[in-house]
Amino acid sequence: MELYLDTADIHAVKKLARILPLAGVTTNPSIVASSKQRPENLLPALYDALGGTGQLFAQVMADTAQGMVDDARKLRAIIADLVVKVPVTPEGLAAIKCLSKEGIPTLGTAVYGAAQGLLSALAGARYVAPYINRVDAQGGSGIELVNDLQSLLVQHAPQAQVLAASFKTPRQALDCLLAGCGAITLPVDVATQFISAPAVTAAVEKFEQDWLGAFGSKQL
Ligand code: E4P
């Protein structure tokens, strides 16, 4: 399974790369904008923060297929093996087809529907990113979307895989993993919630108190 962080926070990537089995970092234009750093500065810094290894994802900004292809080439000139995120619009689908022919790996993003996601996979996308929380927030079901998409990809586009995205709670992410998603990207706060629980901290503190009470020091 591939676990990604969805962030441009270099400090957080460094910190979490030490303790989590991170496969890499995903970004989107809003995330990059929040860092106030241009991609040519940000992307190499994120790569360094990962320890000089791992997969990076960044998104095109143009709204025509040709513009998206040009953006993809610019992004790949910064990080050679970057996966290019392309919104699954009509122009995005045309761009994914062109990029696939060139051998440039893509992720179909902004996926709110299973058929929309399948089309990006059929166009050649390596990953498809359904927006779980955004679908839930609209009154839909992110997990139903994931289940439908997984099933469609297995049957019709087995070269592509779901990279579930847009999470606000650990439960949403866990449900996607239980549904068989092979890749997810978590914002820093959700990743942190997975590994910091007050009950766990309290349990460890109690072990420490009991040990100190008996032996006076923490030494084994
Ligand atoms: C993934 O492709 C998206 O960039 C991202 O996960 C969206 O997350 P958000 O809904 O929290 O903005």
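The notes below deal with the structure included here. Quick caveat, the model's predicted, so the values are computed rather than measured.

**Describing the site of the ligand**
Move 1: Neighbouring the ligand are the residues Asp6, Asn28, Lys85, Thr109, Tyr131, Arg134, Ala165, Ser166 and Lys168.
Move 2: One nitrogen or oxygen atom from the side chain of Asp6 is found 2.7 Å from an oxygen atom belonging to the ligand.
Move 3: Contacts to the ligand include Thr109, whose side-chain N or O atom sits 3.1 Å from an oxygen atom.
Move 4: Looking at the shell around the ligand residue by residue, the class counts come to two nonpolar, three polar and four charged.

**Quick look at the nonpolar core**
Move 1: In this structure, Leu153 and Ile184 are the most contacted members of the largest nonpolar core, which totals 54 residues.
Move 2: Looking at which element gives the most residues to this core, the answer is helix α4 (residues 65-78), with five residues.
Move 3: With sequence-adjacent residues up to four places away left out, Ile184 is seen in contact with Met1, Glu2, Leu3, Tyr4, Leu163, Ala164, Phe167, Ala173, Cys176 and Leu177.
Move 4: Ranked by size, the runner-up nonpolar core spans ten residues in total, among them Val83, Tyr127, Ala129 and Ala165.

**Concerning the packing of aromatic side chains**
Move 1: Taken as a whole and judged by the stated rule, the model has four aromatic pairs.
Move 2: On the basis of an interplanar angle of 80° and a centroid distance of 5.0 Å, the ring pair of Tyr4 and Phe57 is categorised as edge-to-face. Linking Tyr4 in strand β1 (residues 2-6) with Phe57 in strand β3 (residues 55-59), this pair joins segments that are 53 residues apart in sequence.
Move 3: When its relative accessible area of 2% is taken as the criterion, Tyr4 is described as buried.
Move 4: A residue is classified by how much of its surface remains accessible, and Phe57, at 0% relative accessible area, is buried.
Move 5: Centroid distance Phe57 to Tyr127: 5.4 Å. Interplanar angle 65°. Geometry classified as edge-to-face. Remark: Tyr127 occurs in strand β6 (residues 127-130) and Phe57 occurs in strand β3; sequence separation between them is 70 residues.
Move 6: An aromatic cluster of three or more residues is present, and its members are Tyr4, Phe57 and Tyr127.

Cut-offs used in this document
- Residues numbered from 1 in each chain as written.
- Predicted model: local features only at pLDDT ≥ 70, side-chain atom pairs only at ≥ 80, totals over all residues.
- Heavy atoms only, no water.
- Near = heavy atom within 4 Å.
- Polar contact = N/O pair within 3.5 Å; in protein donor to acceptor, adjacent residues only side chain to side chain.
- Nonpolar A, V, L, I, M, F, W, Y, C, P; charged D, E, K, R; others polar.
- Core = buried A, V, L, I, M, F, W, Y, C linked by side-chain atoms within 4.5 Å.
- Buried < 20%, exposed > 50% of the residue type's maximum accessible area, 1.4 Å probe, protein only.
- Helix = DSSP H or I, 4+ residues; strand = E, 2+ residues; numbered from the N terminus.
- Contact = heavy atoms within 4.5 Å.
- Phe/Tyr/Trp six-rings, centres within 6.5 Å; stacked < 30°, edge-to-face > 60°.

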